[in-house]
Amino acid sequence: QVQLVESGGGLVQAGGSLRLSCAASGRTIRSYAMGWFRQAPGKERDFVARISWSGGGTYYADSVKGRFTISRDNAKNTVYLQMNSLKPEDTAVYYCAADDPLVTAFGQYDYWGQGTQVTVSS
């Protein structure tokens, strides 16, 4: 199985930037679509961004469109989420997930990381 570990979270001021990383191990993520999700206290887990297995397609929640950018480096087996113009409502635990077509159809996520906390103040 593939293991996913998020990093890069922290405390930032509103308007600041942060880059999250999702490092995969165990297997290559080359053929996986990858996604980022987030969950705020007392809220359901929400979709944030998705990148296709080829890197040719990206998709974003309306709430982050224009501010966040998802990217991948398959050579490093890593996915990133660049977050700019952060708002207090972006505060959440951010999770990385992998969509393996050999497990379930694309659109369903099969592997999840443990999350990294992002807190936006002011």
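About the criteria used
The numbering scheme is per chain: residues are counted from 1 as the chain's sequence reads. Whole-chain, interface and lining totals are the exception, using all residues; otherwise, since this is a predicted model, local features are given only for residues with pLDDT of at least 70 and side-chain atom pairs are given and counted only at 80 or more. Hydrogens and water are ignored here; the side-chain numbers use all heavy atoms of the structure. Any Lys or Arg side-chain nitrogen found within 4 Å of a carboxyl oxygen on Asp or Glu counts as a salt bridge. Labels follow the DSSP assignment, with helices taken as runs of H or I lasting at least four residues and strands as runs of E lasting at least two, numbered in each case from the N terminus. For the exposure calls, accessible area comes from a 1.4 Å probe over protein chains only, and a residue counts as buried if that area is under 20% of its type's maximum, exposed if over 50%, partly exposed in between. Think of a polar contact as two N or O atoms within 3.5 Å of one another; within protein, one of them needs to be a possible hydrogen donor and the other a possible acceptor, and neighboring residues in sequence only count if both atoms come from side chains. Any pair of residues with heavy atoms lying within 4.5 Å of one another is described as a contacting pair. Pairing between two strands is assigned when DSSP locates at least 2 bridges connecting them. Axis definition: a line fitted to C-alpha atoms, over the contacting stretch in the case of helices. Angles run 0 to 180 degrees between N-to-C directions. Within this scheme, the nonpolar core is defined by two criteria: the residues are buried Ala, Val, Leu, Ile, Met, Phe, Trp, Tyr or Cys, and they are joined through side-chain atoms within 4.5 Å.

**Student:** Just to check I follow, could you spell out the pattern of salt bridges for this structure?
**Tutor:** When charged atoms on two side chains of opposite charge get close, those side chains can pair. Using the criterion set out here, one finds five salt bridges in the structure. In this structure, Arg50 engages Asp99 in a salt bridge whose closest nitrogen and oxygen atoms are separated by 2.8 Å. Highlighted residues: Arg50 in strand E5 (residues 46-51) and Asp99 in strand E9 (residues 92-99), separated in sequence by 49 residues. There is no split in this pair, since Arg50 and Asp99 are both buried. With a closest N to O distance of 2.8 Å, Asp90 and Arg67 form a salt bridge. Residue Asp90 is found in the loop between strand E8 (78-83) and E9, and its partner Arg67 is found in the loop between strand E6 (58-60) and strand E7 (68-73); the two are separated by 23 residues along the sequence.

**Student:** Any chance you could explain the side chain of Asp100 here in plain terms?
**Tutor:** Here Asp100 lies in the loop between E9 and strand E10 (111-112). Within polar-contact distance, the side chain of Asp100 engages the backbone nitrogen of Leu102 at 2.9 Å. Look past the residues within four positions of Asp100 in its chain and what remains in contact with it is Arg27, Tyr32, Asp110 and Tyr111.

**Student:** In this structure, what is going on with the pairing of E8? I would like to understand it.
**Tutor:** On a regular strand, each side chain points to the face opposite its neighbour's, so the side chains alternate between the two faces of the sheet. Most of E8 is tucked away: five of the six residues are buried. Relative to E8, strand E3 (residues 18-25) runs antiparallel, the two being bridged by six bridges. Paired with Ser21 across the bridge in E8 is Tyr80. Sheet topology places E7 next to E8; six bridges connect them, and they run antiparallel. Bridging across to E8, Ile70 finds its partner in Leu81. Linking two consecutive strands that pair antiparallel, namely E7 and E8, is a turn of four residues; a positive phi of about 55° is found at Asn77 within it.

**Student:** Explanation requested: the sheet that holds E7 in the structure shown.
**Tutor:** Consider a sheet: its strands pair through backbone hydrogen bonds, and that pairing is either parallel or antiparallel. If you trace the four strands from one edge of the open sheet to the other, you get E1-E3-E8-E7, paired in antiparallel fashion. Since the sheet does not close on itself, it has two edges, and those belong to strand E1 (3-7) and E7, each with one partner. On average, adjacent strands in this sheet sit at an angle of 15° to one another, irrespective of strand direction.

**Student:** Explanation requested: the nonpolar core in the structure shown.
**Tutor:** As a rule of thumb, soluble globular proteins bury nonpolar side chains together. By size, the foremost hydrophobic cluster in this structure holds 30 residues, and its most contacted members are Leu4, Met34, Trp36, Leu81, Met83 and Tyr94. Going through the elements one at a time, E3, strand E4 (33-39), E5, E7, E8, E9 and strand E11 (116-121) are the ones with two or more residues in this core.

**Student:** What is the right way to look at the environment of Gln82 in this model?
**Tutor:** Residue position: Gln82 is located in strand E8. Residue classification places Gln82 among the partly exposed positions, given a relative accessible area of 27%. C-alpha separation for the pair Gln82 and Gly66, spaced 16 residues apart in sequence, amounts to 11 Å. With residues up to four places along the chain from it excluded, the contact list for Gln82 reads Ser17, Leu18, Arg19, Arg67, Phe68 and Thr69. At 3.0 Å, the side chain of Gln82 forms a polar contact with the side chain of Asn84.

Interpretation note: all reported values are geometric properties and have no functional meaning in isolation.
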